[in-house]
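# Analysis of the macromolecular model
As a plain string of letters, each chain reads:
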Amino acid sequence: MDLFDYSKKNALKNESPLASRLRPTSLEDFVGQEHIVGKNTLLYRAIMADKLSSVIFYGPPGTGKTTLAKIIANTTKSGFVQINATAAGKKDITDAVDRAKDRLAMYGRHTILFIDEIHRFNKGQQDALLPYVEDGTVILIGATTENPYFEVNKALLSRSIVFELEPLSEKNISEIIKRAVTDNENGMGSYNVCIDDDAVLFLSGIANGDARTALNAVELAVLTTERSEDGRIHIDMDTARQCIQKRALNYEKDGDNHYDTISAFIKSMRGSDPDAAVYYLAKMLYAGEDPKFIARRIVICASEDVGNADPQAVCVAVAAAQALDFIGLPEARINLAQAAAYVACAPKSNSVIMAIDNAMADVRNIRVSGVPNHLRDCHYPGAEELGHGQGYLYAHDFENHYVKQQYLPDELVGKKYYVPSDNGYERKIKEWFAKIKKEE
């Protein structure tokens, strides 16, 4: 490294964001993720012994995936190459593999290839890696915020160990914030900063498990706050609030959290928990989820999980969906909340979905001769001559407007698709059926 490169490296270090400067360089300084890097865990032992095999770090932003890769780079005797899948192409992979082959041939040293955001690589790019991971030319470390079981090729995945990183706890982030304002070398210690405990707690909570979000707020607070008369920079609650206006949420509309949250929303309505249903609704709206998508799920749940136990549920749900189109957000959040709460509080029955699913299965699997002759239309030309409609009994001519006759095709006579439950209005349906069909 010449003098120019050395100066450039130092300048980049000094000008880089606080979150980057403060990255720990050893496992002893790493905060959080004790379940995978605590002492005597598999990953801890592998890193300390420099015996790492291919791994994939999976977790939300700001939880330490890249930091762990950097720690491995500092502790391994192997070569270390880093590429970012958002900017790299097949040529970058080829170049990295060629250097790895040369290093192995000339010095007998393996190469660790760290690919950040590996889910951004397409199938072809991932396939290009496979032979070299398999024969040990490179040891792969992949980092991803997306579920690797969906986004990474199965062949590559089968040759790697997946470690899932969890959102950092508020205690973890508080520790990182305090380190940031006292570290003279890499943090903001030289600025002579004093941060109130309630400001630390506020930033730790609102960061939502993302250390980078908290550190960005701390850096902004320090750089934009004037010194007090005592010569110190005081970060209080008001300053902290100004530097992070909105809670960070790990929520991508095509990511795992999207599916997990909508799943929890539906299950909360089905499980008759209006509080949880309204909470997950608020989370989705806060994160910018498509409100029409939410409205559709409420309408579906109203029929799938409530059905005729409360026939008004689908009416309320559809009305909320129409209100969303009519008035839009933010006001329509009230309509959506009303519908979600109504569906959650309504008596539950899945009789309707069981009926239609069982009927559709029979449509697919059972061949029938056709509609019974007496139910066929007798008004089109030639129908009467064919005997269509003959023998049909008009229900309104009989007591209770009901008469027993065959409606199902011959092959399905006796089948029961819709079986009302004992919940809500379906109990009345069941009682009514019992009354009018007492002679059957």
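Everything below is about the structure shown above.
Residues numbered from 1 in each chain as written. Predicted model: local features only at pLDDT ≥ 70, side-chain atom pairs only at ≥ 80, totals over all residues. Heavy atoms only, no water.

### Concerning empty space enclosed by the protein
The condition that has to hold: Using a 1 Å grid laid over the protein atoms alone, points where a 1.4 Å probe fits but cannot get out form a cavity; open sets with protein on both sides within 12 Å along at least 5 of 7 lines form a pocket; any residue with an atom within 4 Å of a point counts as lining. Grid points are joined across faces, edges and corners, and a volume is the space filled by probe spheres set on the points. Residue classes follow a fixed rule: Ala, Val, Leu, Ile, Met, Phe, Trp, Tyr, Cys and Pro count as nonpolar, while Asp, Glu, Lys and Arg count as charged, and any other residue, Gly among them, counts as polar.
Inspection of every chain in the model, using the stated rule, returns 1 cavity of 30 Å³ or more. Here the largest cavity is characterised by a volume of approximately 30 Å³. Looking at the largest cavity, the residues that line it are Ala46, Ile47, Asp50, Lys51, Leu52, Ile72, Thr75, Thr76 and Ile112. For the lining of the largest cavity, the residue count by class is 5 nonpolar, 2 polar and 2 charged.

### Notes on the sheet that holds strand β4 (residues 138-144)
Operational definition: Pairing between strands is defined by DSSP: at least two bridges between the two strands are required. Going along the chain from the N terminus, every DSSP run of H or I of four or more residues is numbered as a helix, and every run of E of two or more is numbered as a strand. Each axis is a line fitted through C-alpha atoms, and for a helix only the stretch in contact is used; angles between axes span 0 to 180 degrees, taken between their N-to-C directions. Whether two residues are in contact is decided by their heavy atoms, any of which lying within 4.5 Å being enough.
Pairing is parallel in the open sheet, where 5 strands are placed in the order β2-β3-β4-β1-β5. Two strands in the sheet have a free side with no partner beyond their single neighbour: β2 (79-84) and β5 (161-164). Each strand axis lies, on average, 15° off the axis of its neighbour in the sheet, ignoring direction. Note that β2 and strand β3 (residues 111-116) share 6 bridges and pair parallel. Following the sheet pairing, Gly79 is matched in β3 by Thr111. Where helix α6 (residues 90-107) meets the sheet, its contacts fall on β2, β3 and β4, and the angle it forms with β2 comes to roughly 180°.

### Brief notes about the pairing of β4
Rule in force here: Three labels apply to residues, based on accessible area from a 1.4 Å probe with only protein chains included: buried if under 20% of the type maximum, exposed if over 50%, partly exposed otherwise in between. The handedness of a crossover follows from its direction of travel: if, with the strands pointing away from the viewer, the path from the first strand over the helix to the second runs clockwise, the crossover is right-handed.
The buried fraction of β4 is high, at 7 of 7 residues. Of the two faces of β4, the one carrying Val138, Leu140, Gly142 and Thr144 and the one carrying Ile139, Ile141 and Ala143 are both buried. Examined bridge by bridge, strand β1 (residues 55-58) and β4 share 4 bridges and lie parallel to one another. Residue Phe57 lies in a different strand from β4, and its bridge partner there is Ala143. Note that β3 and β4 share 6 bridges and pair parallel. Looking at the pairing, Asp116 lines up with Ala143 of β4. For the segment spanning β3, helix α7 (residues 123-134) and β4, crossover handedness is right-handed.

### Structural notes on the nonpolar core
Side chains that are nonpolar tend, in soluble globular proteins, to be buried together. Basically, it comes down to this: Joining through side-chain atoms within 4.5 Å is the link that ties buried Ala, Val, Leu, Ile, Met, Phe, Trp, Tyr and Cys residues into a set, and such a set is a nonpolar core.
With 32 residues, the main nonpolar core has Ile177, Ile195 and Leu203 as its most contacted residues. Where this core is concerned, the elements lending two or more residues are α2 (18-21), α10 (170-182), β6 (193-195), α11 (197-206), α12 (211-224), β7 (233-235) and α13 (237-243). Once residues lying within four places of it in the same chain are set aside, the contact partners of Ile195 are Ile177, Val181, Val200, Leu203 and Ile235. Core analysis: the second largest hydrophobic core is formed by 26 residues, Phe265, Ala295, Ala332 and Ala340 among them.

### Quick notes on α7
Test applied: To estimate how far a helix should reach, multiply one less than its number of residues by 1.5 Å. Residues adjacent in sequence count toward polar contacts only when both atoms are side-chain atoms; beyond that, a polar contact is any pair of N or O atoms within 3.5 Å, and within protein one must be able to donate a hydrogen and the other to accept it.
Helix length check: α7, at 12 residues, gives a terminal C-alpha distance of 16 Å against a target of 16 Å (1.5 Å per residue), a fit within 8%. Along α7, the residues classified as buried are Gln125, Gln126, Ala128, Leu129, Leu130 and Val133. Along its buried surface, α7 packs onto α6, β3, β4, α8 (148-151) and α9 (154-158). At the N-terminal end of α7, a side-chain oxygen is found 3.1 Å from the backbone nitrogen of Gly124, two or three residues along, and the residue is Asn122. Remark: Gly136 follows α7 within two positions and exhibits a positive phi of approximately 85°.

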